[in-house]
Amino acid sequence: MLSKEENEILTRVGPGTLMGDLLRRYWTPACLSSELPDSDSDPIRVRLLGENLIAFRDTNGKVGLIQNNCPHRGASLFFGRNEESGLRCVYHGWKFSVDGTCVDMPNEPAESDFKAKVKAVAYPTHESGGIVWTYMGPESTITPFRDFGSDSLPQDQWRVGKQLSTCNWVQGMEGNLDSAHISYLHQYFAIKDIPDDGTDRPGYPSNLMSMKFWRHDRAPRFEMVDEWYGYRYAAVRTTPNGHKHIRVNAYIVPWGTAVASIPFGGGQGLFVPIDDENCFRYFIAMQPVVNPRGLGGQGYASDPNWPYGVFGGAGRGTIARTLTAENDYLIDREKQRKVSYSGIDDFVSQDLMVTESMGAIFDRSNERLGTTDVPIIRMRRILIDAAKGLAQGQQPPALAGVEGHDFRNIRAVEKILEPGESWQMLGTWDDPAVQESMAALQAH
Ligand code: FES
Ligand SMILES: [Fe+2]
């Protein structure tokens, strides 16, 4: 539960808000590279942190992200002509380069230097992993790009998709950090009939057995460790054979999540605010995961044996929504009785249903939090403290350029532990499964 005042701090992201100022200190996804396919291709609208912007790729392939309203008299630059290294407003012909410089002002006398005095708001961009990232904070506090592993990844190996969600970004993110709900929301009754394939023993279970464990133990215990980037925590379940099964998820300040997969995940889910009441959920895979032992899954790569079309099935690009609040997510009550707990077809739509049905910004002074909500409480506290701290001159957490901050070493894992084995090292460079995967990739 939060006070109404703290709920406002947590959820509001516009310019000049506490959280808005904090979020502007981080490189943030603005759009997909594929939305700006070629030099001089069509400009697109981007709404980000409550600001209306226009993105365009100029003649040299550089991406500009500039204010929507032309600095002259406000016509939308969405309707501009993307030509010869700049975007030209079609009202009176003023033209702007990717950094917002006014490079032409044809309706003023040739001798006028007025154009030197005009600059459009423009944010720097960096393309990596199929995403156009931007930095919207003060120029003086810009930090290096946070490389989650995509900067060195060839284009044919990255996967990225994004999907609109009509609720506040924190509300969406709370779902990813909630390891308890998989025992309910994502349950299919047929899971109980999955035959035991022998992987209910220390080591990596198969994906299907893992779902059995979620169903078997529905009240997980949580072990949490604060990290420089946020936290990681293990949800501990007991398997039918009495083993200790863990799913380790990570929270990466401010809007990043890594959700457990077998043997470890090379991807993240990012919850990027469009404004206070809408967000884009980005699904990114920045580290290829090879699992030479052949057990379990393949991180976020698609696994043909995985029947429920999770992340791996999401594919690339902007993912259309057919199941929405307007059509009640096409809930099928007969299926809800006989097939699945929710009666809603795919995993992600099940998540969207629960988080959007709270209303765009839920009033958290009305909640009643229990023991499995600890990761959510912690994430909110980190964000609220960081936002308040920034206003008092403190450095935001989890920025690049600080010694020891290796963003490629943040991974979520799932495993059945040996008696006495600790989970903290799993998913890091020290984990034999990570080392095997890297070696197998190199041998590829
Ligand atoms: S409004 Fe854009 S050039 Fe006049
Ligand atoms: Fe979920």
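Residues numbered from 1 in each chain as written. Chains lettered and ligands numbered in written order. Predicted model: local features only at pLDDT ≥ 70, side-chain atom pairs only at ≥ 80, totals over all residues. Heavy atoms only, no water.

K.L.:
What should I look at first to understand the packing of helix 1 (residues 4–11) against helix 7 (residues 374–391) in this one?
P.N.:
Packed helices, taken two at a time, are described by the angle their axes make and the gap between the axes. Contact geometry of helix 1 with helix 7 gives a least axis separation of 9 Å together with a crossing angle of 80 degrees. With respect to each other, helix 1 and helix 7 are oriented roughly perpendicular. Residue-level inspection shows E6, I9 and L10 of helix 1 in contact with helix 7, the latter providing R380, R381, L383, I384, A387 and K388. Its residues assigned to classes, the contact of helix 1 with helix 7 comprises 5 nonpolar, no polar and 4 charged. (Axes fitted to C-alpha atoms, helices over the stretch in contact; angles between N-to-C directions. Helix = DSSP H or I, 4+ residues; strand = E, 2+ residues; numbered from the N terminus. Parallel < 35°, antiparallel > 145°, perpendicular 65-115°, else oblique. Contact = heavy atoms within 4.5 Å. Nonpolar A, V, L, I, M, F, W, Y, C, P; charged D, E, K, R; others polar.)

K.L.:
What exactly am I supposed to notice about the sheet that holds strand 9 (residues 125–128) here?
P.N.:
By definition, the strands of a sheet pair up through backbone hydrogen bonds, in either a parallel or an antiparallel sense. With antiparallel pairing, 3 strands are arranged side by side in an open sheet as 1-10-9. Of all the strands in the sheet, the pair left with one neighbour each is strand 1 (28–32) and strand 9. Neighbour-to-neighbour, the strand axes of the sheet open up by a mean angle of 35 degrees, direction not taken into account. Where strand 1 and strand 10 (residues 131–134) come together, 4 bridges link them in antiparallel fashion. Bridging across to strand 10, P29 finds its partner in W133. (Pairing = 2+ DSSP bridges.)

K.L.:
What is the right way to look at unusual backbone geometry in this model?
P.N.:
Most peptide bonds take the trans configuration, and most residues that are not glycine carry a negative phi. Cis rather than trans, the peptide bond between V253 and P254 has omega equal to 5 degrees. Secondary-structure assignment places P254 in the loop between strand 14 (244–252) and strand 15 (256–258). Here the amide bond leading from I262 into P263 is cis, since omega sits at -5 degrees, within 30 degrees of zero. Notably, D40 is not glycine yet its phi reads approximately 60 degrees, a positive angle. Assignment of secondary structure puts D40 in the loop between strand 1 and strand 2 (44–48). Among the residues examined, D40 registers a relative accessible area of 29% and is labelled partly exposed. (Buried < 20%, exposed > 50% of the residue type's maximum accessible area, 1.4 Å probe, protein only.)

K.L.:
Just to check I follow, could you spell out the domain arrangement of the protein for this structure?
P.N.:
Note: interface size is frequently given as the accessible area lost on complex formation between the parts. Its domain assignment divides the protein into domain 1 (28–134) and domain 2 (155–443). Listed as interface residues are 14 residues of domain 1 and, on the opposing side, 13 residues of domain 2. When domain 1 packs against domain 2, the two sides together hide about 1100 Å² of surface, and 69% of this comes from carbon and sulfur. Looking at the side of domain 1 facing domain 2, the largest losses of area belong to P29, L32 and R47, adding up to 40% of the total buried there. For the interface between domain 1 and domain 2, the tally reads 2 salt bridges. Put simply, D275 and R47 hold a salt bridge, and the shortest N to O gap is 2.9 Å. Seen at the junction of domain 1 and domain 2, the total is 5 residue pairs in polar contact (both at pLDDT 80 or more). (Domains from an automatic or database assignment. Buried area = accessible area lost by both parts, 1.4 Å probe. Salt bridge = Lys/Arg side-chain N within 4 Å of Asp/Glu carboxyl O. Polar contact = N/O pair within 3.5 Å; in protein donor to acceptor, adjacent residues only side chain to side chain.)

K.L.:
How do you make sense of helix 8 (residues 432–443) when you look at a structure like this?
P.N.:
Note: α-helices contain 3.6 residues per turn, so residues at a spacing of three or four share the same orientation. Taking 1.5 Å as the rise per residue, helix 8 with 12 residues should run 16 Å; its terminal C-alpha atoms sit 16 Å apart, in good agreement. Regarding helix 8, the residues found buried are A433, V434 and S437. Relative to the axis of helix 8, the buried residues are bounded by an arc of 100 degrees and lie together on one face. Those residues of helix 8 that are exposed and aimed more than 90 degrees away from the buried face are Q442 and A443. Sitting at the head of helix 8, D431 places a side-chain oxygen 2.9 Å from the backbone nitrogen of A433. (Expected span 1.5 Å × (residues − 1). Arc of directions from axis to C-beta.)

K.L.:
Would you mind going over the coordination of the iron ion (ligand 2) with me for this structure?
P.N.:
Each donor-metal-donor angle in an ideal tetrahedron of four donors is 109.5 degrees, and each such angle in an ideal octahedron of six donors is either 90 or 180 degrees. Coordination of the iron ion (ligand 2) by the protein is provided by H181 (NE2), H186 (NE2), D351 (OD) and D351 (OD), with metal-donor distances spanning 2.0 to 2.7 Å. The site at the iron ion (ligand 2) holds 4 donor atoms, and with the angles between them running 52 to 154 degrees, its shape is irregular. In the primary structure, the donors to the iron ion (ligand 2) are separated according to the pattern H-x4-H-x164-D. Residue H181 is located in the loop between helix 3 (169–176) and helix 4 (207–216), and its partner D351 is located in helix 6 (residues 347–356); the two are separated by 170 residues in the primary sequence. (Donors = N, O, S within 2.8 Å, 3.2 Å for Na, K, Ca; no water. Tetrahedral: all angles 85-135°; square planar, octahedral: opposite > 155°, others 65-115°.)

K.L.:
Explain the nonpolar core here, please?
P.N.:
Within soluble globular proteins, side chains that are nonpolar generally end up buried alongside one another. Of all hydrophobic cores here, the largest spans 70 residues; its most connected members are V46, W169, M173, Y251, Y282 and L383. Ranked by residues supplied to this core, first place goes to helix 7 with 7 residues. When residues are assigned to domains, this core turns out to be shared by domain 1 (28–134) and domain 2 (155–443), each giving three or more. Ignoring anything within four residues of it in the chain, the contact list for V46 reads A30, C31, E51, N52, L53, A55 and L65. F56, L87, C102 and A120 belong to the second largest nonpolar core, which has 14 residues in total. (Core = buried A, V, L, I, M, F, W, Y, C linked by side-chain atoms within 4.5 Å.)

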